[in-house]
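If you want the building blocks of each chain, they are given just below.
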Protein chains: 2
Amino acid sequence: MSTLSAPAVLDASKLTITHSTVQCPVPALGSPEQWAQNVCSDHMVQCQWSVSGGWETPEIVPFGNLSLSPAASCLNYATQCFEGMKAYRGFDGKVRLFRPDCNARRLSSSAQRVCLPAVDDKELVALIKALLKIDAPRWLPKEEPGRFLYIRPSLIGTGSQMGVQLPTSALLYIITVPWPDFSKESPPGSPPRTGLRLLASQGDTIRAWPGGFGHAKVGANYGTSLGAHGEAQRKGFDQVLWLFGDDGRVTEAGASNFMAVVRSRETGRTELVTAPLTDKLILDGVTRRSVLELARKGVVGEVEVVERYFTMSELEEAWEEGRVVEAFVCGTAFFITPVLSINFKGRDLDMQHGDADPAKRIASILASWLGNIQYGVIDHEWGVVVEEEEEEEEEA
Amino acid sequence: MSTLSAPAVLDASKLTITHSTVQCPVPALGSPEQWAQNVCSDHMVQCQWSVSGGWETPEIVPFGNLSLSPAASCLNYATQCFEGMKAYRGFDGKVRLFRPDCNARRLSSSAQRVCLPAVDDKELVALIKALLKIDAPRWLPKEEPGRFLYIRPSLIGTGSQMGVQLPTSALLYIITVPWPDFSKESPPGSPPRTGLRLLASQGDTIRAWPGGFGHAKVGANYGTSLGAHGEAQRKGFDQVLWLFGDDGRVTEAGASNFMAVVRSRETGRTELVTAPLTDKLILDGVTRRSVLELARKGVVGEVEVVERYFTMSELEEAWEEGRVVEAFVCGTAFFITPVLSINFKGRDLDMQHGDADPAKRIASILASWLGNIQYGVIDHEWGVVVEEEEEEEEEA
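Please read these numbers as outputs of a predicted model, since none were measured by experiment.

## Thoughts on the environment of Lys14 of chain A
Residues and elements named next belong to chain A.
- Tracing the backbone shows Lys14 in the segment before β1 (16-17).
- On a C-alpha basis, the gap between Lys14 and Glu56 in space is 9.5 Å, while along the polypeptide they are 42 residues apart.
- Contact partners of Lys14, with chain neighbours within four places excluded, come to Thr57 and Pro58.

Have a look at this one:
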């Protein structure tokens with residue numbers, strides 16, 4: 001049905017709240033329950049959209065299953081996109097988001113790639129804050145500073161037209177999930193994690209291509225990469241290092257951005273090199289962007305930031321000539337995690353040749369800077385404080 | 001939970017049936033309700049799978065919404081694949097499937113690409129038949145021979161692990177949807193359809209890539225192509241003709257395979273040309289395969305079948321030299337539909353230069369052959385008869 005009035009805009013100020021009557025146990029840090037990554041906090045945001053009516057009233061409701069038509073386009077045609085962010089319990093007791101405006105804008109950019117509606121970034125951030133206001137007090141206990149909660153805003157096409165058509169209805173929802181710290185912890189029973197061992201991809205599976213959608217955070221990039229990921233894990237590696245093209249350009253590692261620190265043969269200078277955003281092959285990561293901005297401001301010393309394609313052969317050559325300093329991945333899920341080695345054509349190239357003191361390595365300095373912002377050790381505009389409901393008094 | 005026993009196999013003989021107590025009205029042929037393509041028949045098949053337990057008991061239940069975790073991998077990571085088939089009410093009163101074994105095998109091939117479980121093809125066909133046994137009598141009325149019902153088997157990852165991991169649980173479901181005959185009818189209020197007007201894709205949007213998943217019927221191929229499709233429609237075209245590579249190789253049209261009939265400049269012979277399956281760029285269409293097999297058997301006379309890449313420039317050159325005979329798309333949704341024109345670099349190339357009598361054109365002859373098999377006019381192993389429940393006596 002079309003209406004004469006303009007479709008309604010998303011308006012977080014209209015939010016309605018239905019409190020949950022049950023409280024799910026919060027997984028202990030490092031527990032198997034936390035590693036399972038399948039427990040969600042007590043509440044979720046949801047908001048329906050239709051092409052004719054626009055956005056309905058957003059609501060916070062008790063966490064629960066979605067009811068979807070088997071014909072829904074999100075299930076058949078992958079009309080779906082999402083964001084990944086975290087809320088951090090600071091050492092000053094406050095909860096912060098990290099540059100939520102960047103994630104919120106990226107959601108609309110991803111949505112556009114699968115013809116879902118744009119989501120106003122300010123309203124989205126307001127909805128995320130409203131959800132955390134209720135759930136952060138219990139799910140990010142004040143007694144556990146340094147803990148975080150993963151936030152997953154999703155936008156899915158809910159229309160049940162079987163024909164391949166533009167989505168006419170959608171659902172925005174936001175859930176939060178306690179996650180382990182991949183950059184520091186290992187699953188129970190696994191050896192301690194000091195970094196990632198990557199397997200360079202073979203030409204028979206590529207993650208993304210020019211004119212495709214590698215830059216968008218759409219489900220279509222993830223399920224289709226599981227096969228290569230699973231095979232890498234069976235071979236004993238942690239992630240795939242995705243190469244592209246006959247020349248083997250280095251793009252991403254798993255679902256994170258990849259960075260190498262290499263001394264230039266020509267200039268002798270130390271360069272922080274990462275793939276460019278120009279042809280939309282890789283995700284415009286918020287952590288990536290932040291790392292590059294910090295490095296350009298000089299927090300890691302005399303390091304030149306270079307966004308350009310480099311090939312795996314080029315990296316191999318630098319390794320053979322002793323010019324590789326270090327490598328790391330960055331992203332919300334894995335934060336900043338050192339890359340221990342890359343397996344390329346059957347040979348393991350070890351990547352950690354930086355300062356003898358691990359804390360003085362570039363990845364470590366960058367992680368420290370970002371962590372200090374996220375956990376409120378230093379005051380920075382990238383750390384956005386979230387107001388919380390007063391915690392209820394514990395029973396005496 | 002792992003079990004000591006082997007995961008259970010899919011077993012259609014264990015099927016349980018819960019009949020619906022309500023009967024949804026069956027849309028009239030050509031009605032707006034039928035064009036909406038969002039009414040499903042009264043029942044659906046569903047069957048749960050888990051990596052540890054294998055397949056649970058398949059069941060036929062009243063059609064209804066699915067209950068899915070907001071964290072389900074099918075919603076976040078597009079772990080989803082599907083099939084498209086039809087059930088045909090024959091002119092002999094019987095209901096037939098068309099080569100259902102081909103679709104069933106392809107579902108497993110698609111599933112593999114997104115790490116979902118294989119589905120035994122014989123069991124899947126048995127489940128489809130069981131669903132039609134119940135729903136065909138009312139949804140494909142005997143009084144309306146020549147009518148068909150679209151069948152959508154879907155397989156989705158239902159696990160709610162937020163981490164990017166191999167699916168550990170899944171749901172197979174099968175629904176059926178009355179569909180209009182795209183190859184003959186137009187939506188109410190639209191001009192009669194005599195064929196498709198295609199817009200050759202621009203380099204900035206590419207459907208598939210070698211090493212990608214263009215050959216798989218996974219949701220990831222569909223939502224991501226809606227943008228280009230929508231733009232083509234806004235410009236007045238019906239579908240996108242997807243080109244690949246700097247040389248503009250012709251791959252698919254919309255979500256159908258594309259075929260051109262061209263006289264060879266060298267040999268003077270008439271060739272039926274279509275893109276090859278070799279590098280997995282295009283879907284291994286059941287209609288495509290059937291058309292090629294029929295043409296190779298000579299049903300369209302002296303036409304040489306050639307599976308090879310041809311570029312849009314090559315087709316344009318043939319057109320300029322008057323060597324284009326005709327072009328058509330083929331697939332389950334659009335069956336065999338003539339291509340009226342292709343817009344390439346701003347110029348419309350008209351494609352129909354075959355026999356003055358449209359019924360004698362190659363697309364028409366092929367459609368007639370296939371239709372005769374599907375609707376039981378000729379007896380052929382590709383047409384698989386479906387047993388139906390006795391229709392209840394109408395009230396006197």
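## Here's the deal with the domain arrangement of chain A
Residues and elements named next belong to chain A.
- Domain assignment breaks chain A into domain 1 (12-178) and domain 2 (196-375).
- Using C-alpha coordinates to define each centre, domain 1 is positioned 28 Å away from domain 2.
- Every contact between the two is made by 25 residues of domain 1 and, on the other side, 22 residues of domain 2.
- Counting the surface lost from both domain 1 and domain 2, the interface buries some 2,000 Å², and carbon and sulfur atoms represent 59% of this.
- Along the contact surface separating domain 1 from domain 2 lie one salt bridge.
- Here Arg99 and Glu293 are joined by a salt bridge, their closest N and O atoms 3.5 Å apart.
- Along the contact surface separating domain 1 from domain 2 lie 13 residue pairs in polar contact (both at pLDDT 80 or more).
- Listed by contribution, the elements that provide at least two residues to the side of domain 1 that touches domain 2 are β6 (80-82), β7 (85-89), β8 (95-98), α3 (100-113) and β9 (148-157).
- At five residues, the largest contribution of residues to the side of domain 1 that touches domain 2 is made by α3.

## Structural notes on the interface of chain B and chain A
- Each partner contributes to the interface: chain B provides 61 residues, whereas chain A provides 60 residues.
- When residues of chain B are sorted by the area they lose upon contact with chain A, Pro70, Leu75 and Leu226 of chain B head the list and together hold 14% of the total.
- Our enumeration of links across chain B and chain A arrives at zero salt bridges.
- Here chain B and chain A share 29 residue pairs in polar contact (both at pLDDT 80 or more) between them.
- Counting only elements with at least two residues in the side of chain B that touches chain A, the list comes to β5 (66-68), α2 (73-76), β6 (80-82), β9 (148-157), β10 (169-178) and α5 (226-234) of chain B.
- Considered class by class, the residues forming the side of chain B that touches chain A number 33 nonpolar, 24 polar and four charged.
- The sheet contact formed by strand β5 (residues 66-68) of chain A and β5 of chain B spans three bridges and is antiparallel. Directly across from Leu68 of chain A, in β5 of chain B, lies its bridge partner Leu66 of chain B.

## Re the relation of the copies chain B and chain A
- Mapping chain B onto chain A calls for a rotation angle of 180° and an axial translation of 0.0 Å; the resulting RMSD is 0.0 Å. Considering both components of the superposition, the chain copies are consistent with a two-fold axis.
- A share of 97% of interface residues in chain B that are also interface residues in chain A marks the association as one of identical surfaces.

Each value, and the rule that gives it
- Within each chain, residues carry numbers counting from 1 in the order of the written sequence.
- Whichever chain is written first is A, and whichever ligand is written first is 1; the rest continue in order.
- Local features in this predicted model are restricted to residues whose pLDDT is 70 or higher, and side-chain atom pairs enter the listing and the counts only when it is 80 or higher, whereas totals over whole chains, interfaces and linings include all residues.
- Note: side-chain values were computed over all heavy atoms of the structure, leaving out hydrogens and water.
- Here a strand is any run of E in DSSP of at least two residues, a helix any run of H or I of at least four, and the numbering for each starts at the N terminus.
- Here a residue-residue contact requires only that any non-hydrogen atoms of the pair lie within 4.5 Å.
- Domain borders in the structure are assigned automatically or taken from a domain database.
- Here the quantity called buried area is the accessible surface, traced with a 1.4 Å probe, that two parts lose on coming together, added over both.
- The term salt bridge refers to a pairing of a side-chain nitrogen on Lys or Arg with a carboxyl oxygen on Asp or Glu at a separation within 4 Å.
- Here a polar contact is recorded for every N or O atom pair within 3.5 Å, except that within protein the pair must consist of a potential hydrogen donor and a potential acceptor, and residues adjacent in sequence are included only if both atoms are side-chain atoms.
- Nonpolar residues are Ala, Val, Leu, Ile, Met, Phe, Trp, Tyr, Cys and Pro. Charged residues are Asp, Glu, Lys and Arg, and all others, Gly as well, are polar.
- Paired strands, in this sense, are two strands between which DSSP finds at least two bridges.
- When the copies are superposed, the least-squares fit takes in the C-alpha atoms of residues with a pLDDT of at least 70 in both.

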